[in-house]
Amino acid sequence: MQPADIDTDWREDCAPRRVLALFATKWTSMILHTLHARHGGAARAGVLLRSLPGISKKMLTQTLREMEASGLISRHVQGTIPPAVDYRLTALGYRFVEPVELLYAWGRDNADALDELRHRPGSRRAAEAA
């Protein structure tokens, strides 16, 4: 392994920054996790809405559209009346599930460390603790 070169390894379009940008919203990773862990890789929007407490219908729709545009999921319209639409992980989506699952497992295994974190001012958790 070569030593890190700050000029190339940490530029604005480097892989670590692109990964973090992909997961800049909590819902992207949560939708990936939910599709994979709870629904076998495919689910309708209503099922996802019920599976993700706290997400609004608008945010779910927006995040699904962004994930479809980036190639993480595909949208399938079934020829029923009314039309049924389901969302499926793509091959690329399945590749991104692995690090998400590792991070979620780490969170479950280290809940005590997460409980020790100081809450950011203005965060929902800080407001609930007050």
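Check the entry above for the structure.
Described below are features of the structure shown in this document.

1. Here's the deal with the nonpolar core
Alright, step 1. Of all hydrophobic cores here, the largest spans 18 residues; its most connected members are Ile 31, Leu 35, Leu 60, Leu 64 and Ile 73.
Alright, step 2. Contributions of two or more residues to this core are made by α3 (26-39), α5 (57-70), β3 (84-89) and α6 (91-109).
Alright, step 3. Ranked by residue count, the leading element in this core is α3, at 4 residues.
Alright, step 4. Those residues within four positions of Leu 35 in sequence are excluded, and the remaining contacts are Gly 40, Gly 41, Ala 42, Ala 43, Leu 48, Ile 73, Tyr 87 and Leu 89.

2. Quick notes on α3
Alright, step 1. When the terminal C-alpha atoms of α3 are compared, their 19 Å separation across 14 residues agrees well with the 20 Å that a helix rising 1.5 Å per residue should span.
Alright, step 2. Every buried residue belonging to α3 is among Trp 27, Thr 28, Ser 29, Ile 31, Leu 32, His 33, Thr 34 and Leu 35, and all of these are buried.
Alright, step 3. Following α3 by one or two positions, Gly 40 has its phi on the positive side, about 60°.

3. Focus on the packing of α3 against α5
Alright, step 1. Between α3 and α5, the shortest axis-to-axis distance is 10 Å and the interhelical angle comes to 80°. Considering their axes alone, α3 and α5 lie roughly perpendicular with respect to each other. Two secondary-structure elements touch here, α3 through Trp 27, Thr 28, Ile 31 and Leu 32 and α5 through Met 59, Leu 60, Thr 63, Leu 64 and Met 67.
Alright, step 2. Partitioning the contact of α3 with α5 into residue classes produces 7 nonpolar, 2 polar and no charged.

4. Examining the sheet that holds strand β1 (residues 42-44)
Alright, step 1. Here we have 3 strands laid out as an open sheet, ordered β1-β3-β2, and antiparallel in their pairing. Each edge of the open sheet carries a strand with a single partner, namely β1 and β2 (73-78). Across the sheet, the mean angle separating the axes of adjacent strands is 30° when strand polarity is ignored.

5. Brief notes about the pairing of β2
Alright, step 1. Bridge count between β2 and β3: 6 bridges; the pairing is antiparallel. Bridge assignment links Val 77 to a residue of β3, and that residue is Val 85.
Alright, step 2. Here β2 folds back onto β3, and the loop between the two strands holds 5 residues.

The rules behind each value
Residues numbered from 1 in each chain as written. Predicted model: local features only at pLDDT ≥ 70, side-chain atom pairs only at ≥ 80, totals over all residues. Heavy atoms only, no water. Core = buried A, V, L, I, M, F, W, Y, C linked by side-chain atoms within 4.5 Å. Buried < 20%, exposed > 50% of the residue type's maximum accessible area, 1.4 Å probe, protein only. Helix = DSSP H or I, 4+ residues; strand = E, 2+ residues; numbered from the N terminus. Contact = heavy atoms within 4.5 Å. Expected span 1.5 Å × (residues − 1). Axes fitted to C-alpha atoms, helices over the stretch in contact; angles between N-to-C directions. Parallel < 35°, antiparallel > 145°, perpendicular 65-115°, else oblique. Nonpolar A, V, L, I, M, F, W, Y, C, P; charged D, E, K, R; others polar. Pairing = 2+ DSSP bridges.

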